[in-house]
Amino acid sequence: MRLLRSTDLALRVLMRLAVAGGSSPTTRDVADGMAVPYTHLAKVVAELQHMGLLEARRGRGGGLTLTEQGRTASVGAVVRAFEGSGDVVDCEGPTPCPLNSACRLRGALRRAQEAFFASLDPVTVEDIVAEPTGVLLLGISRGVDPREV
């Protein structure tokens, strides 16, 4: 299973903000630091804000901050929210699969997908930025070579 780009960005934004300390980087700062298009990251940030995982303030002194809910958020819940609850394969698409009525693969893939999400449920954002990751993230966000941290 491969995560959507927006899911990957959402997790990386949460990780970046989890180690931001007292700073509040802007969406543009984060996009530049991740080398991703601002418009794409802005959509991800809007969704994370809607989920209550971060706060975004505009204007002078504005920026992004992780909420307490964001800090303790389940990685599995974040991945589910961005990936959606659809099947891994599209059996009902424009050309429905001829095996659809008697297929056992679809159920097996659904169980595997749920097992994937379930394995991420107990993992929090705090967990994924614990040492040594947090130190590396700090170095990257400051533009420092991680080997020098």
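Residues numbered from 1 in each chain as written. Predicted model: local features only at pLDDT ≥ 70, side-chain atom pairs only at ≥ 80, totals over all residues. Heavy atoms only, no water.

An unreviewed UniProt entry lists the chain under the name Rrf2 family nitric oxide-sensitive transcriptional repressor, with Streptomyces luteogriseus given as the organism.

> Quick rundown of the overall build of the chain? Include the residues and the values.
What the chain contains, in helices and strands, is 8 helices and 2 strands. Moving toward the C terminus, one meets the helices and strands of the chain in the order α-α-α-β-β-α-α-α-α-α. Considered along the principal axes of its C-alpha atoms, the chain spans approximately 60 × 30 × 30 Å. Among the 149 residues that make up the chain, the fraction classed as buried is 34%. Within the chain, contacts between residues separated by at least 24 positions form 66% of all contacts whose residues are at least 6 apart in sequence. (Helix = DSSP H or I, 4+ residues; strand = E, 2+ residues; numbered from the N terminus. Buried < 20%, exposed > 50% of the residue type's maximum accessible area, 1.4 Å probe, protein only. Contact = heavy atoms within 4.5 Å.)

> I'd like a description of the pairing of strand S2 (residues 63-66), backed by residues and values.
For a regular strand, side chains alternate in direction, first toward one face of the sheet and then toward the other. When strand S1 (residues 54-57) meets S2, the two strands line up antiparallel, connected through 4 bridges. Across the sheet, the residue bridging to Leu54 is Leu66, located in S2. Where S1 folds back on S2, the antiparallel hairpin that results is connected by 5 residues, among which Gly59 adopts a positive phi of roughly 80 degrees. (Pairing = 2+ DSSP bridges.)

> Break down the nonpolar core for me, citing the residues and quoting the values.
Ranked by size, the top nonpolar core spans 31 residues in total, and within it Val13, Leu14, Met34, Leu41, Leu48, Leu54 and Val78 carry the most contacts. For this core, the secondary-structure elements that each account for two or more residues are helix H1 (5-18), helix H2 (27-34), helix H3 (38-50), S2, helix H5 (75-83) and helix H6 (105-120). The greatest single-element share of this core, amounting to 8 residues, is contributed by H1. Every residue in contact with Leu54, bar those within four places of it in the chain, is listed here: Val13, Leu17, Val45, Leu48, Gln49, Leu64, Thr65, Leu66 and Thr67. (Core = buried A, V, L, I, M, F, W, Y, C linked by side-chain atoms within 4.5 Å.)

> Tell me about unusual backbone geometry, and name the residues and values.
Although it is not a glycine, Ala35 sits at a positive phi angle of roughly 55 degrees. By the secondary structure assignment, Ala35 is in the loop between H2 and H3.

> Requested: an account of the confidence of the model for the chain, with residues and values cited.
In this model, the chain carries a mean pLDDT of 86, and residues with pLDDT of at least 70 account for 91%. Of all helices and strands in the chain, the one with the weakest mean pLDDT is helix H8 (residues 133-141) (68), whereas H3 scores best (96). Across residues 144-149 the pLDDT falls below 50, and counting only partners more than four positions away or on other chains, this stretch makes 6 contacts in the model. (pLDDT = per-residue confidence, 0-100.)

> Give me the side chain of Gln113: which residues, what numbers.
One can find Gln113 in helix H6. When neighbours within four sequence positions are excluded, Gln113 is seen to be in contact with Met1, Gly86, Asp87 and Val88.

> Please set out the packing of aromatic side chains residue by residue, giving values where relevant.
Summed over the entire model, instances satisfying the criterion amount to 1 aromatic pair. For the pair Phe116 and Phe117, a centre-to-centre distance of 5.8 Å together with 55 degrees between the ring planes defines the contact as tilted. Accessibility expressed as a relative area gives 3% for Phe117, which makes it buried. The lysine or arginine in question, Arg28, covers the ring of Tyr38, its NZ or CZ lying 4.0 Å from the ring centre. (Phe/Tyr/Trp six-rings, centres within 6.5 Å; stacked < 30°, edge-to-face > 60°. Lys NZ or Arg CZ within 6 Å of the ring centre and 35° of its normal.)

> Talk me through H2; I want residue IDs and the actual numbers.
Of all the positions in H2, only Thr27, Val30, Ala31 and Met34 are classed as buried. On an axial view of H2, the arc spanned by its buried residues comes to 100 degrees, and they lie on one face. Those residues of H2 that are exposed and aimed more than 90 degrees away from the buried face are Asp32 and Gly33. Where H2 is buried, its residues touch H1, H3 and S2. One or two steps after H2, the chain reaches Ala35, where phi turns positive at roughly 55 degrees. (Arc of directions from axis to C-beta.)

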